[in-house]
Structure formats: C-alpha cells, structure tokens
Amino acid sequence: MEEQTLEESTAQQCIFCHIIAGGVPSRKVYEDDKVVAVMDINPATPGHLLLLTKEHYAIMPQIPELTIAHLGVVAKALSQALLRAVNAQGTNIFVANGFTAGQRAQHFMLHIIPRTENDGLALGKLPERAMAEDQTALLQKAFSGKKIETPKKEEPAQKAGEKPARKPAKKPAKKPAGKNEGGASLDDIAKTILGQ
Amino acid sequence: MTCKACDWVKEKKNSVYEDEKVFALLAPKPAVPGHVIVVPKQHAPILEHVPDFVIAPMFVQANKLSTKAFELLGAEGTNLLINNGVPAGQNTNHAVLHVIPRRQNDGLNLQWTPTKIPDDEMSALEEAIKNETKGIGEFEKEPKKPVELKKPEKIEESEEEDYLLRQLERLP
C-alpha cells in the first residue's frame, strides 16, 4: 500500500486547496503564480476577499519570506482595488494564526475586508490598556531573544528559551474534521517554523 | 500636525526591531501584553501610500515578530491587523501593522458574524472587483542607487620583461 505524504493527505482534505485547484466552484478575483484571491461566501461585509497561497500552509510562520513579501504587496493592491470597486471608506487586512486567534480554516488566508462607517463590525476597534514599565522591559527582552535551537531529539517539554513558564497546551475546542492547526501545541508550531 | 508614529520612530521608543525601512515597537497602549506595532519609517497616512518595497519588509518583519510571539512569549495564536481608514479603526495618521499575540480568554474580540449575500449581488460585486484587479501587475521596486564607477587603475608596465619573452629572445 502506498503511503501518502503528509502534503498529499493535507491537500486532499483541505477544501481551500480544492478551491484553488478549481475542483470546488469559487469566485476568483485575482490570480498569479503564488497566490489566489477569492470572495468569501460568508462575508463580514460585501466584497470581503480571502487571499490564499497556492501552496498549502497552515499558518504564516510556515510561509517562506519571498511569499510573505508577495502576499503583502498583493494585499495592498487588492485593498486599493476593493476601495474603488465597492466604494468602501476603508479596509482591514487581517490574519489569524491559530484557533485562539480566530483561525477557522486549515489553509493560511489573509482577509481583506471593506469597511464603511457604521457597518457594525467590531474588527479594528482595539482596546487601549496601560502598560507597566517593568512589563515593557520584560517584553523587549523577550522579543530580542534568539530563536530557540531545534532540539536534536524529540524533547516535548525541554526548551532553551529564556522566557519563564508558558501556559500548557490549550484545551481541544470543537473543531471540524480534518483541521489540524487549531490543536497544535507550541512545540509543533515551533518545529514547523524551525524546520524551514 | 505632528505624527504620533513618526515620533515613535524618532524617539526609538520601546523598540523591538529596526532596520532602514521599518521600525517595530511595543504598543504604548497595548490591546494585550506583547502587542507590537510595525511602522514604515517613511511617513504614509494610509496603506495605499506605502511603497510596495516597504510593504514587503513590513510583512516579513511582522511575520518574524509573530513567530517570536509564538516561541518566546508562549502565545497560542497571533493576529496581524492593518486598520486602513477611519471606519476600519485607524487611529493614527500613519499606516501601521499590528501584531497581536493571543491567549484564550484574553478579552479581545476580533471576530465578525458571517453574512449571506444573494447570488446576483455577489456576481455584481465579483464583476466590479475583477474590473479593478485586472490592473494589478507590476509592483514598485526600490529605485536603484546610482552606481559609482571606479576609474580604472593605471596599469603600470612592469619593468621586468616577461619571462617567456626573454626565453624567446634567447633562441637562436
């Protein structure tokens, strides 16, 4: 029995890979050799676009730099196009990495959402909280930390990071079948990031 | 009118990353701890005014910071957000990109209720959007700095004759 590679089985299960391949109907509004933009069929506001990478990636840290750069410039161009096409007064560009951040599909996507005044969306209204001095210093130190070395052996809990205790892996929330990213532990995320 | 974000860049306030095009800092009034703002150094009031060759490093750095949030801050998720325009929540007159580390029950709501739009309206929107996207093609490249050509060095003739020539001359 031929074993499927992980890529093959992921591509088989991923509805967005099917959409990109043309197996599932969609409203494509832009395409080039790296990315595709389709209209969201359950939009936040009319004209809501999803910018997808043709290659299957689950979260942004897995995507190579050149593709990230390309996603950025295409997102800007699509935002411009959207402003004109639907007479929007603004756009939100939004990425959710991980279930906790609101990711609901296993294929990486970047949302471009047209906005008008009083459209009822909470997106973009970020609360503003005060920050303590010592917290600032701690965070700056954390961000300046070096990337963690890939452990040679499979060591689930041991990490050479300098940040103190992490929260344990999150509780498995209700997920649709086939989705793998929402429940991935930080180790898995880190391994996929460092595996590049 | 001074620009808040340009001031942040000038003062190098709470910085977590800097290169010649972008500057990233911890948000002065964060939504959650670890909220980072990536600012293009060149002033641009809205996203559309940021040149493509600056957008690219903004996204690349935002992604790296997002990765760091996963690895070094123990975030369970990250959001990247650009609020372009006042109805989208833009509250500085300088286009910026937010990187927001997420945890369960962190009190942040960035969700929306999906809506359903009738087919004919969707088709009309599709046509309108395709009409605008067909112009997308070339992306701005950074203008190349003029190359300074070095003047060719004067080739000094060696006083020593070429060894091989000397041998030739010896031949009868």
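Residues numbered from 1 in each chain as written. Chains lettered and ligands numbered in written order. Predicted model: local features only at pLDDT ≥ 70, side-chain atom pairs only at ≥ 80, totals over all residues. Heavy atoms only, no water.

Caption draft 1: Main features of the packing of helix H3 (residues 65–85) of chain A against helix H2 (residues 52–72) of chain B. The N-to-C vectors of H3 of chain A and H2 of chain B enclose an angle of 125°; their axes lie 8 Å apart at closest approach. The angle between the axes of H3 of chain A and H2 of chain B places the two elements in the oblique class. As H3 of chain A packs across H2 of chain B, the resulting crossing turns out to be right-handed. Of the residues in H2 of chain B, those touching H3 of chain A at Glu-65, Ile-68, Ala-69, Gly-72, Val-73 and Lys-76 of chain A are Asp-52, Ile-55, Ala-56, Phe-59, Val-60, Asn-63 and Lys-64 of chain B. (Axes fitted to C-alpha atoms, helices over the stretch in contact; angles between N-to-C directions. Helix = DSSP H or I, 4+ residues; strand = E, 2+ residues; numbered from the N terminus. Parallel < 35°, antiparallel > 145°, perpendicular 65-115°, else oblique. Left-handed = near helix turned anticlockwise from the far one by under 90°. Contact = heavy atoms within 4.5 Å.)

Caption draft 2: View of the interface of chain A and chain B. Between chain A and chain B, the residue contacts involve 86 residues of the former and 80 residues of the latter. Both faces considered, chain A and chain B share a buried interface measuring about 7,200 Å² in area, 63% of it formed by carbon and sulfur atoms. If you sort the residues of chain A by the area they bury against chain B, Arg-27, Lys-76 and Phe-143 of chain A come out on top, with a joint share of 11%. The interface formed by chain A and chain B contains five salt bridges. Taking the shortest distance from any N to any O, the salt bridge between Arg-84 of chain A and Glu-132 of chain B comes out at 2.9 Å. Where chain A touches chain B, the interface holds 27 residue pairs in polar contact (both at pLDDT 80 or more). For the side of chain A that touches chain B, the leading source of residues is H3 of chain A, giving 17 residues. (Buried area = accessible area lost by both parts, 1.4 Å probe. Salt bridge = Lys/Arg side-chain N within 4 Å of Asp/Glu carboxyl O. Polar contact = N/O pair within 3.5 Å; in protein donor to acceptor, adjacent residues only side chain to side chain.)

Caption draft 3: Looking closely at the sheet that holds strand S3 (residues 36–40) of chain B. The antiparallel open sheet is built from ten strands, whose spatial order is S1(A)-S2(A)-S3(A)-S5(A)-S4(A)-S4(B)-S5(B)-S3(B)-S2(B)-S1(B). Each edge of the open sheet carries a strand with a single partner, namely strand S1 (28–31) of chain A together with strand S1 (15–18) of chain B. Across this sheet, the average inter-strand angle for adjacent strands is 20°, counted without regard to direction. Pairing of strand S4 (residues 90–97) of chain A with strand S5 (residues 109–115) of chain A involves six bridges; the strand directions are antiparallel. In the strand pairing of S5 of chain A, Ile-93 of chain A is matched with Ile-112 of chain A. Each of S1, strand S2 (35–39), strand S3 (49–53), S4 and S5 of chain A together with strand S4 (77–84) of chain B is contacted by H3 of chain A, which is oriented at about 160° to S3 of chain A, the strand it contacts most. In the packing of helix H3 (residues 119–133) of chain B onto the sheet, contacts are made with S1, S2 and S3 of chain A, and the angle to S1 of chain A comes to roughly 20°. (Pairing = 2+ DSSP bridges.)

Caption draft 4: How the structure looks around the side chain of His-111 of chain A. Take His-111 of chain A: it is sitting in strand S5. Judged by its relative accessible area of 10%, His-111 of chain A is buried. A distance of 2.9 Å separates the side chain of His-111 of chain A from the side chain of His-48 of chain A, its partner in a polar contact. Setting aside its immediate chain neighbours within four residues, His-111 of chain A contacts His-48, Leu-49, Leu-50, Asn-92, Ile-93 and Phe-94 of chain A together with Trp-112 of chain B. (Buried < 20%, exposed > 50% of the residue type's maximum accessible area, 1.4 Å probe, protein only.)

Caption draft 5: Up close: the pairing of S4 of chain A. The buried fraction of S4 of chain A is high, at eight of eight residues. What you see with S4 of chain A is no split at all: Gly-90, Asn-92, Phe-94 and Ala-96 of chain A on one side and Thr-91, Ile-93, Val-95 and Asn-97 of chain A on the other are buried throughout. Taken together, the seven bridges between S4 of chain A and S4 of chain B define a ladder with antiparallel strand orientation. Within S4 of chain B, the residue paired with Val-95 of chain A across the bridge is Leu-80 of chain B.

Caption draft 6: Quick peek at the confidence of the model for chain B. Of all residues in chain B, 94% have pLDDT values of 70 or greater, and the mean over the chain is 87. Interface confidence in the predicted complex, given as ipTM, is 0.81; pTM for the same model is 0.77. (pLDDT = per-residue confidence, 0-100.)

Caption draft 7: Examining the nonpolar core more closely. One finds Leu-51, Leu-78 and Leu-110 of chain A together with Val-38, Phe-59 and Leu-97 of chain B to be the most contacted residues of the largest nonpolar core, which totals 60 residues. For Leu-110 of chain A, the residues in contact, after removing those within four places along its chain, are Leu-49, Leu-50, Leu-51, Ala-75, Ile-93, Phe-94 and Val-95 of chain A together with Phe-59 of chain B. (Core = buried A, V, L, I, M, F, W, Y, C linked by side-chain atoms within 4.5 Å.)

Caption draft 8: Helix H1 (residues 4–11) of chain B, seen in detail. Residues and elements named next belong to chain B. Taken together, the buried positions of H1 are Ala-5, Trp-8 and Val-9. Looking straight down H1, one finds its buried side chains confined to an arc of 95°; they lie on one side. Opposite the packed face of H1, turned more than 90 degrees from it, sit the exposed residues Lys-10 and Glu-11. Against strand S2 (22–26) and S3 lie the buried residues of H1. Where H1 terminates, the next one or two residues include Lys-12, which has phi positive at roughly 50°. (Arc of directions from axis to C-beta.)

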